[in-house]
Amino acid sequence: MHSRRPAKAGRYVHIPGAGYLLIVLLLVFAIFGEGFATLPNVLNIGVQGSVLLLLALPMTLIIMSEGLDLSMGAVLSLAGVVLATMLMNGHSLSVGLAAAAGVGLAFGVANGALVVTLGLPPFVATLGTLGIAQGLALVQTGGQSVVGIGDALPALYESRIAGVPFSIAIALAAFLVFWLTLSRTRVGSYVSALGGNREALSLAGVHVDLFHIGLYAAGGLMSGLAALLLTGRMSAGHPTAAIGLEFDAVAAVIVGGTSFEGGQGTLFGTLIGVLTIGVLRNGLNVLSVPSSLQVASIGVLVIAALIIDSTIAALGRPAGGRA
Amino acid sequence: MRTVAYRLVAVALIAAGLALTTEAFFTLPNILNILRQASLTFLIASGLTLTILTAGLDLSVGANVGLSACVAATVMKSSGSIAIGAATGLAFGAVVGMLNGLMVTVLKLPPFIATYGMLWTLNGLTYWFMAGETIHGFSPAFRTLGSGYWLGIPVPIYVMAAFLAAGSILTRYTTFGHEVYAIGANREAARLSGIPVRARLNLVYTLSGAMAGLAAIVYVARLNSAEADIGEALTLPAIAAVLIGGTSLFGGVGSLTGTLVGALTLTLVVNGMNLRAVDANWQPLVTGAIVLLAVWIDVVTRQRAEARV
């Protein structure tokens with residue numbers, strides 16, 4: 001993949017189109033949605049968005065590298081089934097979580113190997129592993145929910161850390177880890193270079209292929225870890241529980257201003273993207289719009305954000321336009 | 001053409017294996033059933049083939065079949081007219097395809113993202129539109145299209161044959177067909193040689209949507225019912241059929257004949273699993289593995305071709 005965009009070292013701060021959308025959505029729902037602007041509901045948005053953020057963080061890096069991971073929702077569902085089954089069979093929470101994380105990591109490494117080592121286009125490679133993960137989850141459960149997972153996980157999920165709901169605390173911790181890794185180490189510039197300047201990265205002595213596989217491995221690992229929150233929330237495992245959640249993650253990343261042409265994107269943008277989608281879904285819930293229409297509205301949201309972004313870009317560069 | 005011949009040999013081998021190991025395989029009803037099922041997969045995959053030939057992709061075909069089927073069924077019921085219902089389904093599918101085309105050509109979204117967003121948008125709209133209802137019980141005249149026979153052969157096979165012939169003529173012998181291959185092989189060169197790339201891409205995605213609309217009508221006629229999840233499991237098999245058929249994801253290489261052979265291969269595998277009473281839950285896993293294998297072969301073939309140049 002060649003990018004005609006000149007490599008820019010500095011990351012300038014700009015508000016993605018989602019920032020404006022978020023403010024508009026907040027105003028609309030606060031005015032028209034009864035009970036929207038209350039503390040319990042705001043916390044609810046955070047709780048609902050926490051699983052999504054866990055997926056959207058690695059998805060940001062993968063999309064910045066001109067890749068994609070469509071298998072996240074299916075891998076998360078499979079990891080949730082594994083975790084629930086382990087708990088049901090009397091294993092401890094830590095063993096169950098390790099197994100779920102291991103399953104996620106294995107799929108992530110497989111995705112990375114297919115894309116990087118074998119050179120398959122990411123969207124088809126991860127579409128294939130989506131089918132495999134979904135098939136495994138269905139075969140493992142016979143299509144049924146896994147219930148009777150004991151009290152430990154639901155109790156942990158209901159707990160609070162310094163007054164903050166457990167799932168929000170986990171999501172914030174994950175955000176901090178990703179943000180510190182990106183801002184305090186060279187990982188950030190490596191990821192940008194993967195999209196546009198792979199050769200230079202290799203000349204700089206980076207194990208490019210290994211690093212690239214590592215991005216997909218992180219995506220799988222985070223999908224596996226997210227099973228903790230998903231299974232905790234449902235108090236059960238279900239083979240199709242998170243099918244399609246990768247769409248929300250891709251949408252959050254794009255809405256957050258990360259470009260598919262490689263190299264450009266920020267985790268803060270993704271955080272705003274996740275919040276925008278969370279607010280949209282929650283607000284539509286409050287207005288009792290059925291969840292099926294909420295999915296459709298996310299598609300419209302993505303298009304709106306893209307149009308706003310390209311308009312801002314066009315206004316910002318009056319002469320010449322895009323490179 | 002030689003690659004299609006190789007693939008036909010593979011189909012024959014799978015068929016021979018199934019014929020030797022299961023008793024129910026080599027019976028006329030089962031063979032006709034396989035051909036009918038493959039015809040339906042081909043109809044969905046044919047429009048998809050065109051988009052992949054341009055180095056694009058249409059991930060929304062299955063979801064488009066779903067919503068077009070529900071819309072067509074609803075209109076057919078309320079108007080009492082087969083023609084009006086079918087025309088509405090076809091037009092609806094085409095409009096969805098046109099929107100995909102506009103996202104690719106005007107908003108400049110990568111095709112897999114644009115059509116992936118369309119997939120989930122359509123899924124949501126379908127569940128909202130149907131609100132848990134199932135529409136069933138259509139007139140016998142309409143059901144003939146999906147489950148009827150003419151001269152002992154299921155009607156969908158004739159539909160498939162007609163569209164295979166028309167599509168092959170379109171892709172091989174018309175200027176439009178040559179332009180589709182040219183855009184897929186090298187978009188920039190195609191543009192410089194005066195091909196109106198954006199207009200052609202719009203038409204290709206519209207055709208893909210229209211074929212999904214057509215497949216939707218045949219599906220409703222076959223199932224004699226329409227509900228929200230009708231298109232859910234159709235996308236992965238359609239993509240698998242195109243790729244097994246030898247159409248390259250990188251564009252410019254492939255054929256509709258190949259896609260038919262691909263659809264046949266996939267249907268044989270699923271039929272074999274059914275005959276051997278394999279749990280249907282294995283099907284996404286097997287289809288996913290087949291997709292990976294087919295893309296891998298595509299990538300290796302391309303790398304070898306480049307090494308020879």
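Enquirer: Requested: an account of the overall build of chain A, with residues and values cited.
Expert: A tally of helices and strands in chain A yields 13 helices and two strands. Its C-alpha atoms give chain A a radius of gyration of 20 Å, within 12% of the compact-globule value 20 Å for 323 residues. Considering only C-alpha atoms, chain A reaches an extent of 60 × 50 × 35 Å along its principal axes. The buried share of chain A, taken over its 323 residues, is 52%. Contacts spanning at least 24 positions in sequence make up 80% of the contacts within chain A whose residues lie at least 6 apart.

Enquirer: Could you give an account of the overall build of chain B, naming the residues involved and the relevant values?
Expert: Helix and strand counts for chain B come out as 13 helices and four strands. Residues counted as buried form 51% of the 309 residues belonging to chain B. Pairs at least 24 residues apart make up 78% of the contacts formed inside chain B by residues separated by at least 6 positions.

Enquirer: Talk me through the nonpolar core; I want residue IDs and the actual numbers.
Expert: What tends to happen in soluble globular proteins is that the nonpolar side chains get buried as a cluster. Among the nonpolar cores identified, the biggest contains 202 residues, and Leu55(A), Leu43(B), Ile44(B), Ala215(B) and Val291(B) are the most heavily contacted of them. When residues in this core are grouped by element, the largest group, 15 residues, is from helix α10 (residues 197-223) of chain B. Aside from chain neighbours lying at most four places away, what touches Ala215(B) is Leu40(B), Leu43(B), Ile44(B) and Val65(B).

Enquirer: Got a sec to walk through the interface of chain A and chain B? Specific residues and values, please.
Expert: Listed as interface residues are 33 residues of chain A and, on the opposing side, 29 residues of chain B. At the level of elements, α5 (122-141) and α13 (291-316) of chain A are the ones that each hand at least two residues to the side of chain A that touches chain B. By residue number, the principal contributor to the side of chain A that touches chain B is α5(A), which donates 14 residues. Residue classes in the side of chain A that touches chain B are distributed as 21 nonpolar, 12 polar and no charged.

Enquirer: Report on the confidence of the model for chain A, specifying residues and quantitative values.
Expert: All names here are of chain A. Looking at chain A, the pLDDT average stands at 86 and 92% of residues meet or exceed 70. pLDDT under 50 marks residues 1-13. Its contacts with residues more than four places away, or in other chains, come to 14 contacts. Contacts from residues 319-323, a stretch scored under 50 in pLDDT, to residues over four places away or in other chains number three contacts.

Enquirer: Quick one: what's the story with helix α4 (residues 93-117) of chain A, residue by residue and with numbers?
Expert: Over its 25 residues, α4(A) runs 35 Å from end to end, which matches the ideal 36 Å to within 8%, given 1.5 Å per residue. Two residues or fewer past α4(A), Gly119(A) is found with a positive phi of approximately 75 degrees.

Enquirer: Describe in detail helix α5 (residues 111-130) of chain B, supporting the description with residues and values.
Expert: For α5(B), built from 20 residues, the straight-helix expectation of 28 Å at 1.5 Å per residue is met to within 8% by its first-to-last C-alpha distance of 28 Å. With 18 of its 20 residues buried, α5(B) lies for the most part within the structure.

Enquirer: Please give an account of the packing of helix α2 (residues 39-64) of chain A against helix α10 (residues 208-234) of chain A that cites residues and values.
Expert: All names here are of chain A. Interaxial distance between α2 and α10 falls to 9 Å at its minimum, and their mutual angle equals 180 degrees. With respect to α10, the axis of α2 lies roughly antiparallel. Contacts between α2 and α10 involve Ser50, Val51, Leu54, Leu55, Leu57, Pro58, Met59, Leu61 and Ile62 from the first element and Leu215, Tyr216, Ala218, Gly219, Met222, Ser223, Leu225, Ala226, Leu229 and Leu230 from the second. For the contact of α2 with α10, the residue count by class is 16 nonpolar, three polar and no charged.

Enquirer: Which residues make up the packing of helix α2 (residues 28-53) of chain B against helix α11 (residues 235-244) of chain B, and what values do they have?
Expert: Residues and elements named next belong to chain B. One can describe the packing of α2 onto α11 by two numbers: an axis separation of 9 Å at closest approach and a directional angle of 65 degrees. Seen along the crossing, α2 lies across α11 with a hand that is right-handed. Here Thr41, Ile44, Ala45, Leu48, Thr49 and Ile52 of α2 lie close against α11, whose contacting residues are Pro237, Ala238, Ile239, Ala241 and Val242. Tallied by class, residues from the contact of α2 with α11 come to nine nonpolar, two polar and no charged.

Enquirer: Kindly report on unusual backbone geometry, identifying the contributing residues and their values.
Expert: Residue and element names in this part refer to chain B. Notably, lysine 108 is not glycine yet its phi reads approximately 60 degrees, a positive angle. Relative to the helices and strands, lysine 108 resides in the loop between α4 (82-105) and α5. By the C-beta count within 10 Å, which is 14 here, lysine 108 ends up partly exposed. At asparagine 224, a position not held by glycine, the phi torsion is positive, near 60 degrees. Tracing the chain through its elements places asparagine 224 in the loop between α10 and β4 (225-226).

Enquirer: Give me the lowdown on the environment of Thr60(A), citing residues and values where you can.
Expert: Residues and elements named next belong to chain A. Within the secondary structure, threonine 60 sits in helix α2. Distance from threonine 60 to isoleucine 254, taken between C-alpha atoms, is 8.5 Å for residues 194 residues apart in sequence. Sequence-distant contacts of threonine 60, defined by excluding residues within four places in its chain, comprise Val253, Thr258, Gly265, Leu267 and Thr270.

Enquirer: Tell me about the environment of Glu232(B), residues and numbers included.
Expert: Residue and element names in this part refer to chain B. Structurally, the position occupied by glutamate 232 is in the loop between β4 and α11. For the pair formed by glutamate 232 and glycine 251, sequence separation is 19 residues and the distance between their alpha carbons is 26 Å. If we skip the residues at most four places from it in the chain, glutamate 232 touches Gly62 and Gly66.

Enquirer: Mind laying out the confidence of the model for chain B, listing which residues take part and the relevant values?
Expert: Across chain B, pLDDT averages 90, with 99% of residues at or above 70. The ipTM, which scores confidence in the relative placement of chains, is 0.85 for this predicted complex, and the corresponding pTM is 0.88.

Criteria and thresholds
- Residues numbered from 1 in each chain as written.
- Chains lettered and ligands numbered in written order.
- Predicted model: local features only at pLDDT ≥ 70, side-chain atom pairs only at ≥ 80, totals over all residues.
- Helix = DSSP H or I, 4+ residues; strand = E, 2+ residues; numbered from the N terminus.
- Rg over C-alpha atoms; globule rule 2.2 N^0.38 Å.
- Buried ≥ 20, exposed ≤ 12 C-beta atoms within 10 Å, placed from the backbone.
- Contact = placed C-beta atoms within 7 Å.
- Core = buried A, V, L, I, M, F, W, Y, C linked by C-beta atoms within 7 Å.
- Nonpolar A, V, L, I, M, F, W, Y, C, P; charged D, E, K, R; others polar.
- pLDDT = per-residue confidence, 0-100.
- Expected span 1.5 Å × (residues − 1).
- Axes fitted to C-alpha atoms, helices over the stretch in contact; angles between N-to-C directions.
- Parallel < 35°, antiparallel > 145°, perpendicular 65-115°, else oblique.
- Left-handed = near helix turned anticlockwise from the far one by under 90°.

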